[in-house]
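Architecture and fold: a report
What follows is each chain in one-letter form.
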Amino acid sequence: MNERIENLALEKSFEQLDEAERAEVLAGMSPEAYNQLHALLSAAPALDPGPGPAAPLRARLLTHMAGAAVAARRRPYRIPWWQAAAAVAMAVAATLFFQKPVIREVPVAIVQRQSDTVYLEKPLWRERVVWREKVVYRDRPVALVPATPADSTTVIFTPGTSLEKEPALMQFFVQVR
């Protein structure tokens, strides 16, 4: 919250404010919220603060809190010396472990033979065998007589028969165990 509005609420109610102060308050909060803040700040000194600490205890606490604030501004935490040494040792070990090896080679003269022959690589295409089937429709059906085993019943199926009319056709699609 704005400190200026708090100081105004401590001194004046919303009705006692002049135009500039009202505009400043209305930019931050509603008149009802300002009146509640004024009532709260006016009633705050009347609240029972309870017994305070003894004078020597209060002085020691204030001294301790001031020292803690100064120490916090300098360095908020302390690192033990062994942790710092371990961190440095790990950094050195990681540097040595992940270092790429340096390979020093002695240059050797290499004799290269060149020829002026050009090799031409030509892919050889192999012939593929393509099987094509041609479906021929005839005007009249060809009579096929299937060889029937002795123990089965002879059923001749006509083309275009549905499974609803001939449920025995389902044996070609489903394996029965």
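Positions within a chain are numbered from 1, following the residues in the order the chain's sequence is written. In view of the model being predicted, local features appear only for residues whose pLDDT reaches at least 70, and side-chain atom pairs are presented and counted only at 80 or more, with totals across whole chains, interfaces and linings using the full set of residues. Neither water nor hydrogens contribute to the side-chain values; these are computed over all heavy atoms in the structure.

1. Here's the deal with the pattern of salt bridges
If the charged atoms of two oppositely charged side chains come close together, the side chains can form a pair. Salt bridge, as used here: a side-chain nitrogen of Lys or Arg that lies within 4 Å of a carboxyl oxygen of Asp or Glu. Tallied over the entire structure, the rule returns three salt bridges. Note that Glu-21 and Arg-4 form a salt bridge whose closest N and O atoms lie 4.0 Å from each other. Of this pair, Glu-21 sits in helix α2 (residues 19-28) while Arg-4 sits in helix α1 (residues 3-11), placing them 17 residues apart in sequence. Across the pair Glu-24 and Arg-4 runs a salt bridge whose closest N-O atoms are separated by 3.5 Å. Put simply, DSSP H or I for four residues or longer makes a helix, DSSP E for two residues or longer makes a strand, and each gets a number counted from the N terminus.

2. Side note on the packing of α1 against α2
Every angle, taken between N-to-C directions, lies between 0 and 180 degrees, and every axis is a line fitted to C-alpha atoms, over only the stretch in contact when it is a helix. Running from amino to carboxyl end, α1 crosses α2 at an angle of 120°, the nearest separation of the two axes being 10 Å. With respect to α2, the axis of α1 lies oblique. Of the two elements, α1 crosses α2, and the hand of that crossing is left-handed. Every residue of α2 that contacts α1 at Arg-4, Ile-5 and Leu-8 is listed here: Glu-21, Glu-24 and Val-25. When grouped by side-chain class, the residues that make up the contact of α1 with α2 number three nonpolar, no polar and three charged. Reported orientations rely on four angle classes, namely roughly parallel under 35 degrees, roughly antiparallel over 145, roughly perpendicular from 65 to 115, and oblique for the rest. A clockwise turn of the near helix away from the far one marks a right-handed crossing, whereas an anticlockwise turn of less than a right angle marks a left-handed crossing. Here, two residues are considered to be in contact whenever any of their heavy atoms come within 4.5 Å of each other. Amino acids outside the nonpolar list (Ala, Val, Leu, Ile, Met, Phe, Trp, Tyr, Cys, Pro) and the charged list (Asp, Glu, Lys, Arg) are all regarded as polar, and Gly is one of them.

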